[in-house]
Amino acid sequence: MKIKSDPSLEIRHAQYNLFKHQILFLYVGAAVNSVFICSLFWDSAPHWLAAAGPTFFIALCAFGIWHWQSHVADHARIIDFSAEISGTPILAGLVSLVMAVWAASLCYAGNMELLGLASVLVLLGAFGSAFCLAYMPSAAVTVVLVPGAILSSLMIYEGDRQNHLAVMIFLSAAFLFWRLISQYYDFFIDLVGSRALVRAQRLEAEMAREEATRLAYMDQLTGLPNRLKFKEEIAYLISTNPDQNFYIGILDLDGFKPVNDVFGHAAGDQLLCAVGRRLKAGLDPRTMVARLGGDEFGIIMTDDLEAGEICDLGDTLIDSLQSPINIGSYVARISASIGFAIFPDGGEEPDRLIESADYALYHSKKTTRGRAVTFDPELESEIRARASMEQSLRAALTESQFEVYFQPIIDSSNGRITAYEALARWRDANQEFVSPQKFIAIAEETGLANKLCDILLSKALTEAAKWPREIALSFNISAIQFSDADLGPRILQILADHNFDPARLEIEITETALIKNPDLTLHTIDVLQSAGIRIALDDFGSGYASFAMIDQFPFHKLKIDQSLTLGVECSERKQHILRTIVSMCRGLEMNCVAEGVESPQVFRLVKELGCDAVQGFLFAKPVPGSALVHKPYEPERYLNDQPTDRSEAA
């Protein structure tokens, strides 16, 4: 930014500052000079005329001192200096005129022989005043020319040769004086310009620093404070009000990435700006709303609120974001999750407070997505344990600490083993088993699911290669993996690496995969089936899959979830549901497997209902491959209320 200034204003300002410091010396000089002239003519001129000059100039000096001392504050506030400066030549001319006329009057009334000496005194005073006014050439010339012209004219009129010589000397001195004044004024103008330039550059640099500071603390897209300002504001509140509670919130948008992917990054930028405006509109003006980066926003609230009230306010903010947002010709719909932390319970330092709010946000996104959550120390312990497990999981994938256990799927009519389902097992560093529900969920959230799947499938195929060829391998693929277009080719490559017959592999998928990305899931199923791999729908009845989806996807097998088999012997409603499912499978020529068979009563019932195969602890628990015994089960033995020891079947 260039700072522009008015040169004439700068010059008048400089002239005024010099003038107000020298005006008193000019007044005093005129008064002293008048006293010398008075004493020169006191014996020859009338006393009243001789005393008139000192009286006038001393009074003028006293008035000037009073005026400048009593109005110094007013003068300091003057903005336009034209009036003050433009009157100076006139004032100087009048004072010089009074001095010259008075000196000439003394010569006529007293002694004309003293004219030359009086002229010298008057002109010396004039030249002295002119040097003081050199920064105002018009005033300087006036203060010299007015008395010089009067007294020179008088000396020429008198006709004395010495006076003529004095006039010539005066004219020469006046010319030299004019040249000196001109050079001085040029130097003065240059100096004023240089100082003005320095001031302008200094002001420009200061403004640039202020602008750089402002930009350093501002998010360029939304105009909101950024993460740096957010942290500094928290630090300021902590340092200035250590006993005052305040909340910070971290808000993260849900559904922002699809807007970027579908409508483009420009639309995403517009959406972020709209979110910032909505957040500010929904909060007290004293509340800071900052954009922390990406689709994450920060909030600092100094209101005295209870935990329930802050959650209600957070939910209100989230609800306001769920309303449609117009982006040009598009309409976007998003939601958000938010986590709050209170000072000092959530931490006594900015980073610690933000970390606590992040813990609450993480919990919100994983459990109550689309709602507000306040920080609780138990959340931190849970999340830290989860983070620790993630690190251990990554290390385990590197060190291949995973094992594969197998549970048989048994033909309900003759007890033959038709397949083994591969189940993941992980022993941690303490040689203790970690729940598959925990580590598989973490693997899916952290993007490790594919790597884990490849390791487990390779181990399972290595073991399955030792089995009789009529026994298949049933392997689970999570829903999130079906979002990967490379899943099918990758599985086929692993089969090729192990020289394993694809017809002996069954892939189990859950209902969630059908709902999340049906088109990609169907494509992957086609790729696998084309190679001869069979597809089973796992955990049917535990989710939201409809019969229309079963018609849309070509499954070979349907596995009924244990939630429907548990207690089925005591529930006619469940029996009707099972009967319907079995009838549907027969009509669609799909095999039907009942999971979770743990008692002879359940086995007898599902067998009577027509389930083709069963799986459960009644027959065998999951065991390592080395413990498998590939012999048929005797169904009659498991229909009794007291079957043989299950370990024998394993």
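Above this text sits the structure in question.
Below, the structure is looked at part by part.

### Things to note about the overall build of the protein
Part 1: A tally of helices and strands in the protein yields 25 helices and 16 strands.
Part 2: Out of the 650 residues belonging to the protein, those deemed buried represent 45%.
Part 3: Partitioning the contacts of the protein with sequence separation of at least 6, the portion at a separation of at least 24 is 69%.
Part 4: Working note: accessible area of the protein is about 32800 Å², and carbon and sulfur atoms make up 56% of it.

### Focus: the layout of surface pockets
Part 1: Here the largest pocket is characterised by a volume of approximately 1400 Å³.
Part 2: Lining the largest pocket are 41 residues, with Q437, I440, N476, D538 and D539 sitting closest to its centre.
Part 3: Elements supplying a minimum of two residues to the lining of the largest pocket: strand 8 (402–411), strand 9 (417–426), helix 15 (436–446), helix 16 (449–464), strand 10 (472–476), strand 11 (505–510), helix 18 (511–516) and strand 12 (534–540).
Part 4: With 7 residues, helix 15 is the largest single contributor of residues to the lining of the largest pocket.
Part 5: Residues belonging to the lining of the largest pocket are distributed by class as follows: 19 nonpolar, 11 polar and 11 charged.

### Examining helix 10 (residues 256–263)
Part 1: Along helix 10, the positions that sit buried rather than exposed are F256, V259 and N260. Burial along helix 10 is one-sided: seen end-on, the buried residues are contained in an arc of 95°. Away from the buried face of helix 10 by more than 90 degrees, exposed residues K257, D261 and V262 are located.
Part 2: Tucked into the core, helix 10 has its buried residues touching strand 1 (246–254), helix 11 (265–281), strand 4 (325–327) and strand 5 (330–332).
Part 3: Looking one or two residues past helix 10, G264 carries a phi angle of roughly 105°, positive in sign.

### Details of the pattern of salt bridges
Part 1: Summed over the entire model, instances satisfying the criterion amount to 21 salt bridges.
Part 2: A salt bridge links R371 to D315; the shortest N-O distance between them is 4.0 Å. Residue R371 is located in the loop between helix 13 (350–366) and strand 7 (372–374), and its partner D315 is located in helix 12 (residues 307–321); the two are separated by 56 residues in the primary sequence.
Part 3: The salt bridge partner of D454 is R490, with a shortest N-O separation of 3.0 Å. Residue D454 is found in helix 16, and its partner R490 is found in helix 17 (residues 487–498); the two are separated by 36 residues along the sequence.
Part 4: Put simply, E421, E508, K559 and E595 are held in one network by salt bridges that share partners.

### Notes on the sheet that holds strand 3 (residues 296–301)
Part 1: In space, the 5 strands of this open sheet follow the order 2-3-1-6-7, with mixed pairing throughout. Every interior strand has two partners, whereas the edge strands, strand 2 (288–293) and strand 7, have only one. Each strand of the sheet is rotated relative to its neighbour by a mean of 20°, with strand direction disregarded.
Part 2: Looking at chain direction, strand 1 and strand 6 (residues 335–343) are connected through 9 bridges and run antiparallel. Each bridged residue has a counterpart across the sheet, and for D254 the counterpart in strand 6 is S335.
Part 3: Where helix 11 meets the sheet, its contacts fall on strand 1, strand 2 and strand 3, and the angle it forms with strand 3 comes to roughly 15°.

### Thoughts on the environment of W178
Part 1: Inspection of the secondary structure puts W178 in helix 8 (residues 161–216).
Part 2: The partly exposed category is assigned to W178, whose relative accessible area is 41%.
Part 3: As for W178 and V141, which are separated by 37 residues in sequence, their C-alpha atoms are 7.4 Å apart.

### Observations concerning the side chain of S364
Part 1: Among the structural elements, S364 can be located in helix 13.
Part 2: When its relative accessible area of 0% is taken as the criterion, S364 is described as buried.
Part 3: Once residues within four sequence positions are removed from consideration, S364 is found in contact with S337, I338, R369, G370, R371 and V373.

### Thoughts on the pairing of strand 9
Part 1: Of all the 10 residues making up strand 9, 9 are buried; the element is thus mostly covered by neighbouring parts of the structure.
Part 2: Here 9 bridges tie strand 8 to strand 9, and the two strands are oriented antiparallel to one another. The residue bridging F406 from the neighbouring strand is A422, located in strand 9.
Part 3: Between strand 8 and the antiparallel strand that follows it, strand 9, lie 5 residues; G415 among them carries a positive phi value of about 80°.
Part 4: Summarising the sheet, strand 9 and strand 10 pair through 3 bridges and their orientation is parallel. Looking across to strand 10, one finds that A419 is bridged to A472.

### A word on the packing of helix 16 against helix 17
Part 1: Their axes nearest at 10 Å, the elements helix 16 and helix 17 cross at an angle of 30°. Considering the angle they form, helix 16 stands roughly parallel to helix 17. Note on packing geometry: the crossing formed by helix 16 with helix 17 is right-handed. In this structure, helix 16 uses N450, D454, L457, S458, L461 and T462 to contact helix 17, whose residues at the interface are R490, I491, I494, L495 and H498.
Part 2: Of the residues belonging to the contact of helix 16 with helix 17, the class tally is 5 nonpolar, 4 polar and 2 charged.

Calculation rules
Residue numbers run consecutively from 1 along every chain, following the written order of its sequence. For this predicted model, a pLDDT threshold of at least 70 governs which residues receive local features, and a threshold of 80 or more governs which side-chain atom pairs are given and counted, while totals over whole chains, interfaces and linings are taken from all residues. The basis for every side-chain value is the complete set of non-hydrogen atoms in the structure, without hydrogens or water. Going along the chain from the N terminus, every DSSP run of H or I of four or more residues is numbered as a helix, and every run of E of two or more is numbered as a strand. Accessible area is worked out with a 1.4 Å probe on protein chains only. A residue is then buried under 20% of its type maximum, exposed over 50%, and partly exposed in between. The contact criterion used is simple: two residues touch if any of their non-hydrogen atoms lie within 4.5 Å. Per-residue and other accessible areas follow the Shrake-Rupley method at a 1.4 Å probe size, with only the shown protein chains counted as cover for residues. Points on a 1 Å grid, built from protein atoms alone, make a cavity when a 1.4 Å probe fits but cannot get out and make a pocket when they are open with protein on both sides within 12 Å along at least 5 of 7 lines; residues with an atom within 4 Å of a point are the lining residues. Grid points are joined across faces, edges and corners, and a volume is the space filled by probe spheres set on the points. For this scheme, ten residues count as nonpolar: Ala, Val, Leu, Ile, Met, Phe, Trp, Tyr, Cys and Pro. Four count as charged, namely Asp, Glu, Lys and Arg, and the remainder, Gly too, count as polar. Here the arc refers to the set of directions running from the helix axis out to each C-beta atom. We define a salt bridge as a contact between a side-chain nitrogen of Lys or Arg and a carboxyl oxygen of Asp or Glu at a distance within 4 Å. Strand pairing is assigned whenever DSSP detects at least two bridges linking the two strands. Axis definition: a line fitted to C-alpha atoms, over the contacting stretch in the case of helices. Angles run 0 to 180 degrees between N-to-C directions. Between 65 and 115 degrees an angle is taken as roughly perpendicular, under 35 as roughly parallel, over 145 as roughly antiparallel, and anywhere else as oblique. Working rule for handedness: look at the near helix, and if it is turned counterclockwise from the far one by less than a right angle, call the crossing left-handed; if clockwise, right-handed.

Function cannot be inferred from these measures alone, as they are strictly geometric.
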